[in-house]
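So you can see what is in the structure, the chains are spelled out below.
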Amino acid sequence: MASFIIQVPNNLRTFSVSASSNGSPSPMSRGNQGGPVILELPLDKIRRPLLRTRTNDENKVKELMDSISQIGLQVPIDVLEVDGVYYGFSGCHRYEAHQRLGLPTIRCKVRRGTKETLRHHLR
Ligand code: ADP
């Protein structure tokens, strides 16, 4: 898998890449390889085309709500970005747990794709 490095000054103790809920969020850096980046995205900026065709396991969602509220999200959800629009096809339980906890954003592993990639996911 391709990786990227963000160079941060030594005297900076905390660092985060985030996206605001107004305007369209865009990764600050993708490195030379165009590999995935970790972004904190507003829930309402992530389209979920398969939402109505899948039902989440209620127990899993509740367990995740407990865990996320205690220790935070440990593994980001996978998100596809096509022409500046974000699509989520997995991570359904983590997404719902965030919704139900009233959290405004969710940590995402964002990779860029083409319309063809998107069509493949929708098939
Ligand atoms: P999802 O539909 O979100 O993938 P699953 O129940 O299939 O839900 O998997 C839950 C995932 O959430 C696992 O990959 C687990 O590692 C991850 N995860 C991230 N943060 C947490 C957390 N705080 N507590 C429990 N699992 C977590």
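A quick note: this is a predicted structure, and the numbers were derived from the prediction, not measured. Starting from 1, residues in each chain are numbered consecutively following that chain's sequence as written. Where totals are concerned, whole chains, interfaces and linings use all residues; where local detail is concerned, this predicted model gives features only for residues with pLDDT of at least 70, and gives and counts side-chain atom pairs only at 80 or more. Heavy atoms from the whole structure form the basis of all side-chain values; hydrogens and water molecules are not counted.

Describing the sheet that holds strand S4 (residues 85-88)
Phase 1 of the analysis: Paired strands are those between which DSSP finds at least two bridges. Numbering of helices and strands starts at the N terminus; helices are DSSP runs of H or I of at least 4 residues and strands are runs of E of at least 2. An order of S1-S5-S3-S4-S2 is seen for the 5 strands of this open sheet, with the pairing classed as mixed. For this open sheet the edge positions go to strand S1 (37-42) and strand S2 (46-47), each flanked by a neighbour on one side alone.
Phase 2 of the analysis: We call two residues contacting when some pair of their heavy atoms lies within 4.5 Å. Note on geometry: axes are lines fitted to C-alpha atoms, helical ones only across the stretch in contact, with angles between N-to-C directions running from 0 to 180 degrees. Contacting S2, strand S3 (77-82) and strand S5 (105-112), helix H2 (residues 92-101) runs over the sheet at an angle of about 145° to S5.

Notes on the confidence of the model for the protein
Phase 1 of the analysis: One confidence number per residue, pLDDT, is output by the predictor and ranges from 0 to 100. In the predicted model, the protein carries a mean pLDDT of 81, and the fraction of residues at 70 or more is 72%.
Phase 2 of the analysis: Confidence drops under pLDDT 50 across residues 1-23; counting only partners more than four residues distant or on other chains, this segment forms 29 contacts.

Focus on the packing of helix H1 (residues 58-71) against H2
Phase 1 of the analysis: In contact at an axis separation of 8 Å, H1 and H2 are set at 65° when each is read in the N-to-C sense. The interaxial crossing formed by H1 with H2 has right-handed handedness. Across from Glu58, Lys60, Val61, Lys62, Leu64, Met65, Ile68 and Ser69 in H1, the residues of H2 making contact are His93, Arg94, Glu96, Ala97, His98, Arg100 and Leu101.
Phase 2 of the analysis: Each residue gets one of three labels, nonpolar for Ala, Val, Leu, Ile, Met, Phe, Trp, Tyr, Cys and Pro, charged for Asp, Glu, Lys and Arg, and polar for the others, Gly among them. Within the contact of H1 with H2, the residues separate by chemical class into 6 nonpolar, 3 polar and 6 charged. Here is the rule for handedness: rotate from the far helix to the near one, and if that takes an anticlockwise turn smaller than a right angle the crossing is left-handed, while a clockwise turn gives right-handed.

So, the nonpolar core
Phase 1 of the analysis: Membership of the largest hydrophobic core comes to 17 residues, with the highest contact counts inside it found for Leu41, Ile46, Ile77, Val79, Ile106, Cys108 and Val110.
Phase 2 of the analysis: Going through the elements one at a time, S1, H1, S3, H2 and S5 are the ones with two or more residues in this core.
Phase 3 of the analysis: Filtering out sequence-adjacent residues up to four positions away, Ile77 remains in contact with Ile46, Arg48, Gly91, Arg94, Tyr95, Ile106, Arg107, Cys108 and Lys109.
Phase 4 of the analysis: Among the nonpolar cores identified, the runner-up in size contains 6 residues, and Leu80, Tyr87, Phe89 and Leu118 belong to it. The set of buried Ala, Val, Leu, Ile, Met, Phe, Trp, Tyr and Cys residues whose side-chain atoms join them within 4.5 Å is what this entry labels a nonpolar core. Using a 1.4 Å probe on the protein chains alone, a residue whose accessible area is under 20% of its type maximum counts as buried, one over 50% counts as exposed, and one in between counts as partly exposed.

Let's talk about the site of the ligand
Phase 1 of the analysis: For this description, a residue counts as near a given molecule or strand if any of its non-hydrogen atoms is within 4 Å of it. Taken together, 13 residues surround the ligand, and among them Ser67, Gly72, Gln74, His93 and Arg94 come closest.
Phase 2 of the analysis: Under the rule applied, a polar contact is a pair of N or O atoms within 3.5 Å (in protein, one hydrogen donor and one hydrogen acceptor; residues adjacent in sequence only if both atoms are side-chain atoms). Measuring from a nitrogen atom of the ligand, one finds a side-chain N or O atom of Ser67 at 2.4 Å.
Phase 3 of the analysis: Between a nitrogen atom of the ligand and a main-chain N or O atom of Gly72, the distance comes to 2.8 Å.
Phase 4 of the analysis: Considered on its own, the ligand offers 560 Å² of accessible surface; in the complex 67% of this is hidden by protein.
Phase 5 of the analysis: Of all elements in the fold, only H1 and H2 reach the threshold of two or more residues within the shell around the ligand. A 1.4 Å probe and the Shrake-Rupley method give the accessible areas. Residues count as covered only by the protein chains that appear here.

Description of the pairing of S5
Phase 1 of the analysis: Note: S1 against S5, 6 bridges, orientation antiparallel. Its bridge partner lying in S5, Leu39 is registered against Cys108.
Phase 2 of the analysis: Two strands pair when backbone bridges link them, and S3 and S5 are joined in this way by 5 bridges, in the parallel orientation. Directly across from Asp78, in S5, lies its bridge partner Lys109.

Section: the pattern of salt bridges
Phase 1 of the analysis: The salt bridge criterion pairs a side-chain nitrogen of Lys or Arg with a carboxyl oxygen of Asp or Glu, the two atoms within 4 Å. Applying the stated criterion to the full structure yields 8 salt bridges.
Phase 2 of the analysis: The partner of Glu58 in a salt bridge is Lys62, and the shortest N-O contact between them spans 3.5 Å. A residue pair is termed a helical-turn pair when its members lie 3 or 4 positions apart in one helix, as Glu58 and Lys62 do in helix H1 at 4 residues.
Phase 3 of the analysis: Judged by its relative accessible area of 36%, Glu58 falls in the partly exposed class.
Phase 4 of the analysis: Each of the salt bridges in this network shares a partner with another, and the network as a whole consists of Glu58, Lys62, Glu96 and Arg100.

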